[in-house]
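A look at the structure
The residues making up each chain are set out below.
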Amino acid sequence: MSEITRYSLTEIKTLLEKKSLTSEEIVSAYQTAYENDNNADIPLNGYIEFFKDARTRASAEDIKRKNNTHGRLSGLPIAVKDNILITGKKATCGSKILEGFSAPYTATVIRRLEKEGAVFLGRTNMDEFAMGSSCEYSQYGPTRNPVNREYVPGGSSGGSAAVVGAFQAPAALGSDTGGSVRLPASFCGLYGLKPGYGTLSRYGLVAYGSSLDQIGIVAHNPADIALLLSVCAGIDSKDSTSRDFSYSDMFPLTPGNLKGLKVALPVQLNGEGNSDSVRKTAAGFIDWLKQQGADVSEISIPNLSYTVAIYYIIAPAEASSNLARYDGIEYGLRNDNGNLLDMYINTRSEGFGSEVKRRIFIGNYVLSSGYYDAYYKKAQAVRSLLTHEFDNIFTDYDIVLSPTSPTPPFKLGEKLDDPVTMYLQDICTIYANLVGIPAISIPAGMSNDNLPIGMQLAGRQGNENLLLSIAQSWKNRGGAA
Amino acid sequence: MKYDVIIGCEVHVQLSTKSKAFCTCRNVFGGEPNSRVCPVCLGLPGSLPVPNKEHIRSAIKAGRALGCSIAPLTKFDRKNYMYPDLPKAYQISQYDMPICNNGMLTVFTQEGTRDIRILRIHMEEDTGKNIHADDGSHESYVDYNRSGTPLLEIVSEPDMRSPAEAAAFVMSIHEIMQYLEISDCNMEEGSLRCDANINLWVYEEEKKYATPIVEIKNMNSFKAIQAALEYEVQRQADEWQNHRLTREAAGKSTRGWNEASGKTILQRTKEEEADYRYFPEPDLKPLSISADLIQSIEKTIGELPKEKRERFMHQLGLSETDTIVLTTEKAFADYFEQILTHYPNPKKTANWLLGEVKKYLNAGNISISDFRTTPAHIAELLLLQESGKISGKMAKDVFIKMAATGKAAQEIVSAEGLSQISDRGELEKIVIEVIAANPGSADDYRNGKLQAIKFLMGQVMKASKGKANPQEAEKLLSEKLSS
Amino acid sequence: MIDDKTFNAVLGLCRFSISGTEQEHFKNQIGDIISYVEKLKEIDTSHIDPDLGKTITVNDLRDDAPGESLIRTKLEELSPHFENGFFRVPQIIEEMEEKK
């Protein structure tokens, strides 16, 4: 494996600025790493497509740098989850139903990165339409955990985390609806940020659960995330739910001073339900926080026990509506034997995988007449309760701490056919999406089987900087990664 | 059989904003198929709606004009159903928190006036259009140009008691929308569409029975509304006598008006009612509407048809018939009033507009907004006539030329040497010559056959090549003959 | 557990089919998920109106100014069924037309 691929995004930035390396050299190294791995016995399968034009783009950025017309991210390589649109590139969301679909427009986040000269390496694998916690529900086969390929990388942004973990990219964009960036980051031993709702524009991110979806970033260190966030964040006239908030001064990132930091430790996410190695890691992390002068207190948030139930009503409801447009008429798969109704049914039966079908079904069920009040309306009411509870918690505390996952990574196939068990994988992460606050997963330790374990910090809306600076302090101290 | 007719209407109004409801595609009628589409109105993956300020402003304007209260907090919802002309497979609409509530509209028919309560007005987006191949190819074609056009849906309470009242209600809505200048209101292009719910209350032996409610769709003109509902009243009355089905027993069904056959045709029954799975649109935040905004929009509501009519009749002294014709189209009423600023004679102006101008416009199927002749030019023409510079007949000829060329009245009069001879000296010369040339007729007149003056007048007009001022000429003639 | 009538009605809304052999398994999984989410019934929400979240005002919305639309070639690239300016679909059957 080439040494070049070991650099973090910010290290690459420095090397490019010093002209010690060219972007073309870097991108070639990643391409070689990807191609070599793809020929291995058990390929990682992190990319659905490595872009053929990535090297050409890198060369173009090298020329811009020579001519001093380059942007802030000139020549920096980034992998992109296959549900974020780039004009002219395919976008499948890991689904057969989007077979043949090429994006006719570019996502706002991509456009902002492109403008500053970022080079996109390829499209990363994912659970179909971001529905899954293991990256096994993909039309393109499962992605494997770079730390141990018998294990899952976590989902749904498993491809994004895996390619960063396997040094096939220095950083990647993912999307996080219930933990889909943080869980893979945790399973692959990386930093993964889900910004607050509205921090990154959703325009051009293929919708799953619109009130929960947020583009996130996976990288080897918090500074890399801060760099990308400082470029991508901010209000977008094409996304009515985007927030007017500037992150431009976020980079360079300064490590946080943890003295007096008020940390809440909800008992619901830090108890018996977690595996021994996770609890041990958590204890270690809490000790470190205390050593830094943080004030850690256990609190009880009873409604945290209901987040998975709320989520599996609201997300499928929104998904059933968002995914109803895949009918074969304008783009993607079309099976048009028969009349129009036949076309709908044949196309969708063939195009959607089993997990997507389950969620569309649940969504239609909870919205259908006679069930709406008992499920959808109820879930929204409990979500409101939870949101108010968190408003109160954040008047007393700066950070809410828990593991990212109750267990270390599990093996491929282990939970594949047991939806509820799979759903419970996200028990620690979902609340941040329901409430709309930023949360980060930090690599904090290893299990007995030598698999990564992550800790999750969640903060107030707009406090991504605090989360990243605490993470940077941990990183500087020499954490697990 | 004794019964009351119960009708409620849902009117869809397409708004004439510059851009669509949730994207920046241009909002105009027709054009090359799929030439005004973008990721948002095509419902492409990853696209998001962004509401148009003008959609909300128009809704508030319509709501206030119809006496509705404006909700301080409103939101959009998704109405889910799959159909080729609906690219997202849901329509962004409003479900339980519409922007306008509880208005009132008074309608006038030959049977009298009636207050029709407006239940609500909500905002939504239009669908695309399906075109069905008629070549037996078993294929249809979809054009999304109309997709995302901003709509208002105005829903009345079931307060209308006859098909004529329903037609009058829709006509009145049509008129108000064009007075507010928020819609083209072109029914042929579908910019105003109406569905109606209708049933009967049958009275038998001191008992009242409600017949099943039927929703009638596909009524594309005022005439169709009345005809469809009249047909439906008769059908429901017959149905009652044959089957005695009540609303409780049968529920609601949907029927479509078939213009060609003059019948309504069953489309679906209650069991087939679609389940739209409404839920709040997560891509859009709820909207709060301030009292200041409502006030500022109220100020832009000009005079409404009813107020204008009262003013025309009471202040301008116009007849009811003239007033109604003048005010049906706002642009026409505006044209009328612009003439009055130059030529303040309402009655004469009305006569002209409703006579010559209307005749010309109707013959050429020209709308007043496309009319080349300006109100100032018409005023000038009327002044020329009134001052005696041209005769009434000349004015009509000059008008035709004005309308065809867009030129001013004076320009045509001068260029063609059309001005009337009103000069006494000049007229006297002609009159004397005519009397001298026709001694027989002159004698007849002097001998009491007053009719003879008509012949002499004709000769005067002939001699003057039609330019003699008729009133002046006749006066002179009788003077000369009597002296 | 979800009854057959409801199951079929909801499946109709989904516009996909589940083959006969898979149906029982699918139904069981759906049943598991529904029983799980029913734990929300433990919470009393009778006093709660679902929060609509942060509101915006008309000033936050888009000005009514037209912009660019997609060019024809983009639509042609989107679908092989884009013909003569239209998206071609199988004939819209009566039954669906009426249910609209």
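Residues numbered from 1 in each chain as written. Chains lettered and ligands numbered in written order. Predicted model: local features only at pLDDT ≥ 70, side-chain atom pairs only at ≥ 80, totals over all residues. Heavy atoms only, no water.

As for the overall build of chain A
Put simply, the rule is: For the purposes of this entry, the term helix denotes a DSSP run of H or I that reaches at least four residues, the term strand denotes a run of E that reaches at least two, and both are numbered from the N terminus. Working definition: with a 1.4 Å probe on protein chains only, accessible area under 20% of the residue-type maximum means buried, over 50% means exposed, and in between means partly exposed. The contact rule is simple, with two residues in contact once any of their heavy atoms fall within 4.5 Å. Areas reported as accessible are Shrake-Rupley estimates using a 1.4 Å probe. Residue values count occlusion only from the protein chains shown. Only four residue types enter the charge count: Lys and Arg as positive, Asp and Glu as negative, with His and the chain ends excluded. Charged side chains are reduced to one point each, which is NZ for Lys, CZ for Arg, CG for Asp and CD for Glu.
Counting its regular elements, chain A contains 15 helices and eleven strands. In terms of overall dimensions, chain A has C-alpha extents of about 65 × 55 × 45 Å along its principal axes. Burial analysis of chain A (481 residues in total) assigns 69% to the buried set. Partitioning the contacts of chain A with sequence separation of at least 6, the portion at a separation of at least 24 is 76%. For chain A, the accessible surface area stands at approximately 14,600 Å², while carbon and sulfur atoms represent 45% of it. Put simply, chain A has 45 plus and 50 minus side-chain charges, and the middle of one group is 4 Å from the middle of the other.

Some points on the sheet that holds strand β17 (residues 287-288) of chain B
The criterion, for reference: Note on pairing: DSSP must find at least two bridges between two strands before they are called paired.
Judged by pairing direction, the sheet is mixed, and its three strands sit side by side in the order β3(B)-β17(B)-β1(C) without closing on themselves. The strands lining the two open edges of the sheet, one partner per strand, are β3 (73-74) of chain B together with β1 (56-57) of chain C. Pairing between β3(B) and β17(B): two bridges, direction antiparallel. Note on β17(B): the bridge partner recorded for B:L73 is B:S288.

Remarks on the packing of aromatic side chains
All names here are of chain A. Let me state the cut-off plainly: In this analysis, rings of Phe, Tyr and Trp, with Trp reduced to its six-membered ring, are considered paired at centre separations within 6.5 Å, and the interplanar angle assigns stacked below 30 degrees, edge-to-face beyond 60, and tilted for intermediate values.
According to the stated counting rule, one finds 41 aromatic pairs over all chains in the structure shown. Ring plane angle 35° and centroid distance 6.5 Å describe the contact between Y371 and Y375, whose orientation is recorded as tilted. The class of Y371 is partly exposed, set by a relative accessible area of 24%. On the basis of an interplanar angle of 15° and a centroid distance of 4.9 Å, the ring pair of F390 and Y431 is categorised as stacked. Of this pair, F390 sits in helix α12 (residues 373-396) while Y431 sits in helix α14 (residues 430-435), and the two are 41 residues apart along the sequence. Here F390 matches Y431 in class, with each residue buried.

Quick notes on the packing of helix α1 (residues 9-17) of chain A against helix α7 (residues 222-232) of chain A
When two helices pack together, their arrangement is given by the angle between the helix axes and the distance between those axes. Residue and element names in this part refer to chain A. Stated precisely, the cut-off is as follows: Each axis is a line fitted through C-alpha atoms, taken for helices only over the stretch in contact, and angles between the N-to-C directions span 0 to 180 degrees. Just so you know how the angles are binned, under 35 degrees is roughly parallel, over 145 roughly antiparallel, 65 to 115 roughly perpendicular, and the rest oblique. Residues are grouped as follows: Ala, Val, Leu, Ile, Met, Phe, Trp, Tyr, Cys and Pro are nonpolar; Asp, Glu, Lys and Arg are charged; all remaining types, including Gly, are polar.
Closest axis-to-axis distance for the α1/α7 pair is 7 Å, and the angle between their directions is 70°. The angle between the axes of α1 and α7 places the two elements in the roughly perpendicular class. Along the contact surface, α1 presents L9, T10 and K13, while α7 presents A223, D224, L227 and L228. When its residues are assigned to classes, the contact of α1 with α7 shows four nonpolar, one polar and two charged.

Points about the interface of chain B and chain A
Rule in force here: For any pair of parts, buried area is found by adding up, for both, the accessible area (1.4 Å probe) each one loses once the two are put together. In the sections that follow, a salt bridge refers to a side-chain nitrogen of Lys or Arg positioned within 4 Å of a carboxyl oxygen of Asp or Glu. Any pair of nitrogen or oxygen atoms within 3.5 Å is treated as a polar contact; in protein, a donor-acceptor pairing is required on top of that, and neighbouring residues in sequence qualify only through side-chain atoms on both sides.
Tallying the contact residues gives 31 residues for chain B and 40 residues for chain A. Taken together, both faces of the contact between chain B and chain A bury some 2,700 Å²; the carbon and sulfur share is 57%. Area buried by chain B at its contact with chain A is led by B:P45, B:L48 and B:M82, which between them contribute 23% of it. On inspection of chain B and its partner chain A, the count reaches one salt bridge. The closest approach of N and O atoms between A:R202 and B:D283, which form a salt bridge, is 3.0 Å. Counting the contacts that link chain B with chain A gives 16 residue pairs in polar contact (both at pLDDT 80 or more). Breaking the side of chain B that touches chain A down by element, the ones donating at least two residues are β4 (77-80) and β16 (279-280) of chain B. A per-class count over the side of chain B that touches chain A returns 21 nonpolar, four polar and six charged.

Re the interface of chain A and chain C
If you look at the interface, chain A gives 51 residues, while chain C gives 44 residues. Contact between chain A and chain C buries roughly 4,500 Å² in total, counting both sides, with carbon and sulfur atoms accounting for 72%. Between the two partners, chain A and chain C, sit 14 residue pairs in polar contact (both at pLDDT 80 or more). Of all the secondary structure elements, the ones that give two or more residues to the side of chain A that touches chain C are α9 (307-322), α10 (340-351), α11 (354-367), α12 and α13 (419-424) of chain A. It is α12(A) that contributes the most residues to the side of chain A that touches chain C, ten residues altogether. Residue classes in the side of chain A that touches chain C are distributed as 30 nonpolar, twelve polar and nine charged.

A word on the pairing of strand β8 (residues 129-132) of chain B
The sheet contact formed by β8(B) and strand β9 (residues 139-143) of chain B spans four bridges and is antiparallel. Bridge pairing in β9(B) links B:I131 to B:Y141.

A short note on helix α16 (residues 470-482) of chain B
Residues and elements named next belong to chain B. As a reminder, the rule being used: Expected helix span is given by 1.5 Å per residue-to-residue step, counting one fewer step than there are residues. The directions considered for the arc are those from the helix axis to the C-beta atoms.
With 13 residues, α16 ought to run about 18 Å at 1.5 Å a step, and its terminal C-alpha atoms sit 18 Å apart, in line with that. Considered for burial, the residues of α16 that qualify are A473, L476, L477 and L481. The buried side chains of α16 occupy one side of the element, clustering within an arc of 125° when seen end-on. Exposed side chains of α16 directed beyond 90 degrees from the buried face belong to Q471 and S482.

What to know about the pairing of strand β7 (residues 112-125) of chain B
Residues and elements named next belong to chain B. Looking at chain direction, strand β6 (residues 100-109) and β7 are connected through nine bridges and run antiparallel. Following the sheet pairing, T106 is matched in β7 by D115. Connecting the antiparallel pair β6 and β7 is a turn made up of two residues. Of the strand pairs in this sheet, β7 and strand β10 (residues 150-156) are connected by seven bridges, and their pairing is antiparallel. Bridge pairing in β10 places H122 opposite E153.

Thoughts on the environment of B:N102
Residues and elements named next belong to chain B. Inspection of the secondary structure puts N102 in strand β6. Of the residues examined, N102 reaches a relative accessible area of 54% and is grouped as exposed. On a C-alpha basis, the gap between N102 and R255 in space is 27 Å, while along the polypeptide they are 153 residues apart. With sequence-adjacent residues up to four places away left out, N102 is seen in contact with G67, C68, S69, I118 and L119.

A short note on the nonpolar core
What counts here: Grouping buried Ala, Val, Leu, Ile, Met, Phe, Trp, Tyr and Cys residues that are joined through side-chain atoms within 4.5 Å yields what is termed a nonpolar core.
Within the largest apolar cluster, 191 residues are counted, with the highest numbers of intra-cluster contacts made by A:F129, A:F390, B:C9, B:L66, B:F169 and B:M177. Among all residues touching A:F390, those that are not within four sequence positions of it are A:I301, A:L304, A:V400, A:Y431, A:V435 and A:I437. In terms of nonpolar packing, the next biggest core, distinct from the first, is built from 87 residues, A:A118, A:V164, A:V218 and A:A219 among them.

Remarks on the sheet that holds β4(B)
Residues and elements named next belong to chain B. Read across the sheet, three strands follow the order β5-β4-β16 without closing on themselves; strand pairing throughout is antiparallel. Pairing within the sheet leaves two strands with one partner each, and these edge strands are β5 (90-93) and β16. Note: β4 against β16, two bridges, orientation antiparallel. When the sheet's bridge partners are listed, R78 is paired in β16 with F279.

Section: the side chain of B:D77
All names here are of chain B. Among the secondary structure elements, D77 is positioned in strand β4. Residue D77 is classed as buried on the basis of its relative accessible area of 1%. Among the polar contacts listed, one links the side chain of D77 to the side chain of K75, at a separation of 2.5 Å.

Some thoughts on the side chain of A:K378
Residue placement: A:K378 occurs in helix α12. Among buried charged residues, A:K378 stands out as having no salt bridge; its nearest opposite-charge side chain is C:D44, 5.8 Å away. Within the structure, A:K378 has its side chain in polar contact with the backbone oxygen of C:I43 (distance 2.5 Å). Excluding residues that lie within four positions of it along the chain, A:K378 makes contacts with A:D373, C:L40, C:K41, C:I43 and C:T45.

Description of the environment of A:N303
Among the structural elements, A:N303 can be located in the loop between β8 (295-299) and α9. Overall, the relative accessible area of 8% leaves A:N303 in the buried class. Residues A:N303 and A:Y151 lie 152 residues apart in sequence; the distance between their C-alpha atoms is 31 Å. Among all residues touching A:N303, those that are not within four sequence positions of it are A:L385, A:L386, A:E389 and C:I43.

Note that all results are geometric; they support no functional claim without further evidence.
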